[in-house]
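# A closer look at the structure
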Amino acid sequence: MDRNRFGKSPIGSLVPIRGTGGRTGKAYDHVAFMPQPLGDEPALDNAAWRAVSAANHALGALDQAGRQVPEPTLLRRPTLRREAQSTSALEGTYAPLADVLEADIGDQRTAELTEVLNYVQIAELAFAALADGRRLSMALLLELQRGLVRGTAAETRDAGRIRTVQVAIGGSTATALTAARFVPPPPGLALESSTRDLVDWINDTPRAGRDPVVAAAMAHYQFETLHPFNDGNGRVGRLLIVLGLIQDGSIGDALLSVSPWFEARRRDYQDHLADLSATGDWSRWVQFFAQGLEDSAEETSSIVRELLDLQESHRKRLRLAKVRGVAEDIARSLIARPITTITEVASLVGRGYQTASNAVERLVDLEILAPYGSGHPRRYVAMEVLAAIQRRP
């Protein structure tokens, strides 16, 4: 890490670190960056505030659209899996979105798919906690990280705990710490205390009257800079964006997907985080972050509208063909489960296998469903729905 670049930061300081790389046993003697605790909203320029205003407007429109959906849980499933696939890809773990969408009906999972689906599980856990009136807490934060790495190579003794080892971003403590892009704070009481302070700060945002978008930008920077976990910081940090916006009342349901936007701008995202640490220029970071929220909210709203339009188009097609009953129920569920099997839809609609099979064949005749892939059990896909969910920013 460049001492000269980060040594004059107005929002953090360099602290000495010494130790031995865990893999090679080589000693290191360098510095790490410790951010100052967050305080009030920083002074922002007009361009940043315009971006914040636009982001708040887009989030409000998404929230309004979500509140008008008769069955919002149907929409949460594809948007959450889209977020899970993209947030994992940002960290170098790639599983095709189609595989993520059909994972519930598969009998084998790759290591990559396990990581992506772990994100789905912890996100659902977090959303349920907020729906039950719980606030973000250290206990919940640690539970989320533990669940994220469960059953993966990252499930070490530090799983579900604040890390006990030094980490480096864009480098390695075992080889080239001095060449790392960024070195987060060392493990210890100061790191744990700073993480607790951040959780308290996030929870205090409504009382303090902070703008939700600005607060989300500040909290995300602080979390990623602290890098409190041995693994999963990026994914947990992006989940905290959505959780914070829900806590602050900006969105009422967890439909927002932010990671596809940041994934498409990975280098810019990393550069803005590092530049803020070096310069303390909150305006540039907040403007970039707010643009991401605005575009993400508009993109999610567009996908939601397209899925609902497809659902209505299917309903009209069935009505014209004078098809009722089970086929209607299956068609309605396709915006949540565009890749399915007869066994799955039979369970979803509460009917027998043969009844469900007849209904699926009718949907194939009407070109709402089509056979998909090979193997057993036979899969079917709603191609228009899948295409809408797979859209990239």
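Please refer to the structure placed before this passage.
Heads up: these notes are all about the structure in this document. Computed from a predicted model, the values in this text were never measured in an experiment.

## Some words on the overall build of the protein chain
Broken down by element type, the protein chain carries 16 helices and five strands. Relative to a compact globule of 393 residues, whose C-alpha radius of gyration would be 21 Å, the protein chain shows 23 Å and is just as compact. When its C-alpha atoms are laid out on the principal axes, the protein chain stretches across 75 × 50 × 35 Å. Classification of the 393 residues of the protein chain by burial places 54% in the buried group.

## A word on empty space enclosed by the protein
In total, this model carries four cavities of 30 Å³ or more according to the counting rule given. Reported here for the largest cavity is a volume of approximately 130 Å³. The set of elements that each furnish at least two residues to the lining of the largest cavity consists of α7 (189-208), α8 (212-226) and α9 (233-247). If you tally residues by element for the lining of the largest cavity, the top one is α8, at six residues. Within this model, the second largest cavity holds a volume of roughly 50 Å³.

## A closer look at the packing of aromatic side chains
For the structure on display, the rule yields 12 aromatic pairs. Ring centres of Phe 6 and Phe 182 lie 5.5 Å apart, and the angle between their planes is 70°; this geometry places the pair in the edge-to-face category. In this pair, Phe 6 sits in helix α1 (residues 3-6) while Phe 182 sits in the loop between α6 (138-149) and α7, placing the two residues 176 residues apart along the sequence. Here Phe 6 matches Phe 182 in class, with each residue buried. Taking 5.1 Å as the distance between ring centres and 85° as the angle between the ring planes, the aromatic pair formed by Trp 261 and Phe 262 counts as edge-to-face. No difference in accessibility class separates Trp 261 from Phe 262, as the two residues are buried. Cluster of aromatic residues (ring-pair linked, three or more members): Trp 261, Phe 262, Tyr 269, Trp 285, Phe 288 and Phe 289.

## Re the side chain of Ser 301
Mapping Ser 301 onto the fold places it in helix α12 (residues 282-320). Each residue touching Ser 301, except ones within four places of it in the same chain, is listed here: Ala 61 and Leu 62.

## Section: helix α5 (residues 111-131)
Since one α-helical turn is 3.6 residues long, residues separated by three or four positions face the same way. If you check α5, its first and last C-alpha atoms are 31 Å apart, about what 21 residues at 1.5 Å a residue would give, namely 30 Å. Looking at α5, one finds that the buried residues are Leu 113, Val 116, Leu 117, Asn 118, Tyr 119, Val 120, Ile 122, Ala 123, Ala 126, Phe 127, Ala 129 and Leu 130. Its buried side turned inward, α5 meets α3 (72-90), α4 (97-101), α6 and α9. The first or second residue beyond α5 is Gly 133, which carries a positive phi of 95°.

## Considerations on the sheet that holds strand β4 (residues 370-372)
Spatial strand order, β3-β5-β4: three strands in an open sheet with antiparallel pairing. Two strands lie at the open edges of the sheet, namely β3 (339-341) and β4, each paired on one side alone. Averaged over all adjacent pairs, the angle separating strand axes in this sheet is 45°, with direction ignored. With three bridges joining them, β4 and strand β5 (residues 379-381) adopt antiparallel strand pairing. Counterpart to Tyr 372 in the pairing with β5 is Arg 379.

## Things to note about the environment of Arg 315
Turning to its location among the elements, Arg 315 is positioned in helix α12. Taking relative accessible area as the criterion, Arg 315 reaches 32% and is therefore assigned partly exposed.

## Concerning α3
Between its terminal C-alpha atoms α3 stretches 27 Å, which fits the 27 Å expected from 19 residues at 1.5 Å a residue. Across the 19 residues that make up α3, a large majority, 17, are buried. Once α3 ends, the next one or two residues include Gly 92, with phi positive near 90°.

## Section: the packing of α3 against α12
Where α3 contacts α12, the axes come no closer than 11 Å and their chain directions differ by 135°. Between α3 and α12, the crossing angle belongs to the class labelled oblique. Remark: the crossing between α3 and α12 carries right-handed chirality. Touching Leu 74, Leu 75, Pro 78, Thr 79 and Arg 82 of α3 are Glu 299, Thr 300, Ile 303, Val 304, Leu 307, Leu 308 and Gln 311, all from α12. Here the contact of α3 with α12 is composed, by residue class, of seven nonpolar, three polar and two charged.

## Brief notes about the nonpolar core
The biggest cluster of nonpolar side chains holds 130 residues, and the ones touching the most others in it are Phe 127, Leu 256, Trp 282, Trp 285 and Leu 293. Tallying contributions element by element places α12 first for this core, with 13 residues.

## Focus: unusual backbone geometry
Phi is positive for His 227, which is not a glycine, with a value near 50°. The phi angle at Glu 367 is positive, at roughly 60°, despite the residue not being glycine. Turning to its location among the elements, Glu 367 is positioned in the loop between α15 (353-365) and β4. A residue is classified by how much of its surface remains accessible, and Glu 367, at 67% relative accessible area, is exposed.

## Overview of the packing of helix α14 (residues 342-349) against α15
Running from N to C, α14 and α15 cross one another at 110°; their axes reach a closest spacing of 9 Å. In terms of their interaxial angle, α14 and α15 are classed as roughly perpendicular. The residues of α15 that touch α14, namely those facing Ile 342, Thr 343, Val 345 and Ala 346, are Tyr 353, Ala 356, Ser 357 and Val 360. Among the residues forming the contact of α14 with α15, the class breakdown is six nonpolar, two polar and no charged.

What counts, and at which threshold
Residues numbered from 1 in each chain as written. Predicted model: local features only at pLDDT ≥ 70, side-chain atom pairs only at ≥ 80, totals over all residues. Heavy atoms only, no water. Helix = DSSP H or I, 4+ residues; strand = E, 2+ residues; numbered from the N terminus. Rg over C-alpha atoms; globule rule 2.2 N^0.38 Å. Buried < 20%, exposed > 50% of the residue type's maximum accessible area, 1.4 Å probe, protein only. 1 Å grid on protein atoms, 1.4 Å probe; cavity = no way out; pocket = protein on both sides within 12 Å on 5 of 7 lines; lining within 4 Å. Points joined across faces, edges and corners; volume = space filled by probe spheres on them. Phe/Tyr/Trp six-rings, centres within 6.5 Å; stacked < 30°, edge-to-face > 60°. Contact = heavy atoms within 4.5 Å. Expected span 1.5 Å × (residues − 1). Pairing = 2+ DSSP bridges. Axes fitted to C-alpha atoms, helices over the stretch in contact; angles between N-to-C directions. Parallel < 35°, antiparallel > 145°, perpendicular 65-115°, else oblique. Left-handed = near helix turned anticlockwise from the far one by under 90°. Nonpolar A, V, L, I, M, F, W, Y, C, P; charged D, E, K, R; others polar. Core = buried A, V, L, I, M, F, W, Y, C linked by side-chain atoms within 4.5 Å.

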